[in-house]
Amino acid sequence: KNQASPRQLFKIIIYASMNRIYSSRDIETACHRDINFMYLLEGKPVPDHATIARFISLHFSKCSKNTLAEVSNILLKIGEISGKSVFIDGTKLESVANKYTFVWKRSVTKNCQKLFEKISDLIRECEVLYGIQIVYHDQISLHTLKRMRKKLYRIKKQEDISFVHGKGKRKTPLQRSIETLESYIQKLKEYIKKIHLCGTRNSYSKTDPDATFMRMKEDAMMNGQLKPAYNLQHGVDSEYITWIDISAKPTDTGTLIPFLKDMEKHLSFRYQEIVADAGYESEENYLFLEKNGQSSFIKPMNYEISKTRKYKKDIGKMENMEYDPEKDSYRCQNRKMLTVQYQRKQKTATGYLRTVTVYQCHECKGCPFKEKCIKGNNCKTPMEKREKRLYVSKVMKQKREENVKRIISEYGNQLRMNRSIQAEGSFANVKEDMNFRRYLYRGKENVTAQSVILAIGYNINKLH
């Protein structure tokens, strides 16, 4: 009974984040020395650092997003945020996992393939030596190996063979086969577990399996070293962090839809204008926002480069060719037609299917503009035989044009300028002013909880 209540512990950790104190040991020290922390404890004994860490990881992590939603709802109620436009951006924050704990999916898959070759050799050897038949289809599974192990142990029992261990003992061929098989089973289990933990990612950390190895902006060694990290997404409104999400994806493109769905699920209000930078542009994101009844103010990936003289003079670009909507064809610099050849489906990393129309010109032979028009020096086909092709997603082209009209308007310009100030500003405050550069807890749930504590502390400082 004579202990700090969860409410008092919550006050302490939020006040600590407002004062750039993040370690549970440092919070415990502050409770002993700082009169403000003593006031928040209301005369209760100082909680141990392990109690503070357990409160964050076991209790607060379960309801962290609901707490942030309540803070955002209060900010809307008192008129501090608009509830209309949200500025979204992401940054990478390093995990507490060690640097050299990486597991690469490609490497594991490669080793797994080598292991299957060794297993195939062992199966053939056992069939010859012991006269057993191992039936398997295209792929050898763990179940196949377990059935084989059962048959070998049955032979051991029938022939009453005893296994020997230690120096100067000679192992029987059966013992060697069983021991080799057992080691292969263990290795296969290890590889299956690693591939399962990777999921759709390319890597993970052994000491923090939720962290993915990413290229960080802070590169002390200047060698592009990958570090275990999380992609932190901020939704900012009127300079307040109204929503956060943690993603294991290094790029921002696939994080927008989960972020918006999560935000809509928790908040009592719904944003109508979604403002984001070029990293969030994709056909899937455009269609999702349109279906959701939200306006997109996303800067196209080619927006800045399309304003340069070099881009405008590049005759090989689709944007610099004449388009005939009636014939559905493009006309090149040499006044030749690029007509529709076929359509093909492309599947993105998120599983979205986009339709790409392929246009081709059959009159490229002897064209004086050929070298400027057809790019790509790594193509195996000689330049004389190559023909100009365009790969166009009509849906993406249409949505991008609609979006560009919105962002170049006076209101769109204001929103884009605001995004760079607000979203980038929230990360500047967290990383520089609050001096938070690395998470102190492992696992996505705990990292989310720590990000929420930072966001609430930041919002209270701003409100104050």
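Scroll up a little and you will see the structure.
Cut-off values and rules
Residues numbered from 1 in each chain as written. Predicted model: local features only at pLDDT ≥ 70, side-chain atom pairs only at ≥ 80, totals over all residues. Heavy atoms only, no water. Pairing = 2+ DSSP bridges. Helix = DSSP H or I, 4+ residues; strand = E, 2+ residues; numbered from the N terminus. Axes fitted to C-alpha atoms, helices over the stretch in contact; angles between N-to-C directions. Contact = heavy atoms within 4.5 Å. Parallel < 35°, antiparallel > 145°, perpendicular 65-115°, else oblique. Nonpolar A, V, L, I, M, F, W, Y, C, P; charged D, E, K, R; others polar. Buried < 20%, exposed > 50% of the residue type's maximum accessible area, 1.4 Å probe, protein only. Arc of directions from axis to C-beta. Polar contact = N/O pair within 3.5 Å; in protein donor to acceptor, adjacent residues only side chain to side chain.

Asks: What is the right way to look at the sheet that holds strand S11 (residues 337-347) in this model?
Replies: As a general point, the strands of a sheet are linked pairwise by backbone hydrogen bonds and lie either parallel or antiparallel. With antiparallel pairing, the five strands of this open sheet are ordered in space as S9-S10-S11-S12-S13. Every interior strand has two partners, whereas the edge strands, strand S9 (322-324) and strand S13 (389-392), have only one. Across the sheet, the mean angle separating the axes of adjacent strands is 30° when strand polarity is ignored. Seen against the sheet, helix H12 (residues 394-407) touches S9, strand S10 (329-331), strand S12 (353-360) and S13 and runs at an angle of roughly 100° to S12.

Asks: I'm lost on the packing of helix H1 (residues 6-18) against helix H4 (residues 49-77) in this one. Help?
Replies: Two numbers describe a pair of packed helices, the interaxial angle and the distance between the axes. Closest axis-to-axis distance for the H1/H4 pair is 11 Å, and the angle between their directions is 85°. The angle between H1 and H4 falls in the class roughly perpendicular. For the pair H1 and H4, the contacting residues are Pro-6, Leu-9, Phe-10 and Ile-13 in the first and Ile-52, Phe-55, Ile-56, Phe-60 and Thr-67 in the second. Each residue belonging to the contact of H1 with H4 can be placed in one class, and the counts come to eight nonpolar, one polar and no charged.

Asks: Whenever I open this one, helix H2 (residues 24-33) confuses me. Can you help?
Replies: Within H2 the residues assigned to the buried category are Ser-24, Ile-27, Glu-28, Ala-30 and Cys-31. The buried side chains of H2 occupy one side of the element, clustering within an arc of 160° when seen end-on. Turned more than 90 degrees away from the buried face of H2 sit Arg-25 and Arg-33, all of them exposed. Where H2 is buried, its residues meet H1, helix H3 (35-41) and H4. N-cap assignment for H2: the residue whose side-chain oxygen lies 3.3 Å from the backbone N of Arg-25 is Ser-23.

Asks: Explanation requested: the pairing of strand S1 (residues 85-94) in the structure shown.
Replies: The two faces of a sheet get side chains in turn, since along a regular strand they alternate between them. Most of S1 is tucked away, with nine of its ten residues classed as buried. As paired elements, S1 and strand S7 (residues 273-276) share four bridges and run parallel to each other. Among the inter-strand pairings, Phe-87 is bridged to a residue of S7, identified as Val-275.

Asks: Quick question: what am I supposed to make of the side chain of His-49 here?
Replies: Within the fold, His-49 resides in helix H4. Engagement of the side chain of His-49 in a polar contact is seen with the side chain of Arg-25, the distance being 3.4 Å. Setting aside its immediate chain neighbours within four residues, His-49 contacts Ser-24, Arg-25 and Glu-28.

Asks: What exactly am I supposed to notice about the environment of Ala-278 here?
Replies: Tracing the backbone shows Ala-278 in the loop between S7 and helix H9 (283-291). With 20 residues separating them along the chain, Ala-278 and Ile-298 place their C-alpha atoms 6.3 Å apart. Not counting residues within four places of it along the chain, the set of residues in contact with Ala-278 comprises Lys-299, Pro-300 and Met-301.

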